[in-house]
Amino acid sequence: MARIPESLIALLARFSIAAVFWKSGQTKIEGLAIDIVGGSFAFGVPRLSSSAVDLFRDEYRLPLLSPELAAVLAAVGEHALPLLILLGLGTRFAALGLLVMTAVIQLLVYPGAYATHGVWAAVLLWLMARGPGALSMDHWLARHTRR
């Protein structure tokens, strides 16, 4: 098992955690649907869905944030941060952002879902500690800026 390249594990971790958050983000927007795993694509101008605001108002009920602002922040975060992680660009920063989001979900929204959120946190912490691996833009940039 020690012969499994760490970069391959990192790539699987990046793809997997990005897919989780991207799919969640897709439920909050209309006009743009990209599902790499399912192979479905509908390109257009993304906009916040009305159901996203309802979700934050009726189910999530986050303190300190209006449902409108929370829905926008979640939709943007669940698209931008997974994209960065998938590319391996600013991976540690993006993983930290998703780890904070995971903590908020675990502590304030679904406290009984540790079995799921613990796995997310473990993957994100691993990416923060070990980095995105050689198959990433972070690695490429580090190699080319040292020259």
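Residues numbered from 1 in each chain as written. Predicted model: local features only at pLDDT ≥ 70, side-chain atom pairs only at ≥ 80, totals over all residues. Heavy atoms only, no water.

Asks: Where do I start with the pattern of salt bridges in this structure?
Replies: If you walk through the whole model with that rule in mind, you get six salt bridges. R57 serves as the salt-bridge partner of D54, at 2.9 Å between the closest nitrogen and oxygen. Here R57 and D54 lie together in helix 2 (residues 50-60), a separation of three residues that amounts to about one turn. Judged by its relative accessible area of 38%, R57 falls in the partly exposed class. Counted as one network, the salt bridges with shared partners bring together D54, R57 and E68. (Salt bridge = Lys/Arg side-chain N within 4 Å of Asp/Glu carboxyl O. Helix = DSSP H or I, 4+ residues; strand = E, 2+ residues; numbered from the N terminus. Buried < 20%, exposed > 50% of the residue type's maximum accessible area, 1.4 Å probe, protein only.)

Asks: Explain the packing of aromatic side chains to me, please; I cannot follow it from the model alone.
Replies: Here the distance between the centres and the angle between the planes together describe a pair of aromatic rings. For the structure on display, the rule yields four aromatic pairs. For the pair F41 and F43, a centre-to-centre distance of 6.2 Å together with 10° between the ring planes defines the contact as stacked. Exposure remark for F41: the relative accessible area of 46% places this residue in the partly exposed category. Among the aromatic residues, those joined into a ring-pair cluster are F56, Y60 and Y110. (Phe/Tyr/Trp six-rings, centres within 6.5 Å; stacked < 30°, edge-to-face > 60°.)

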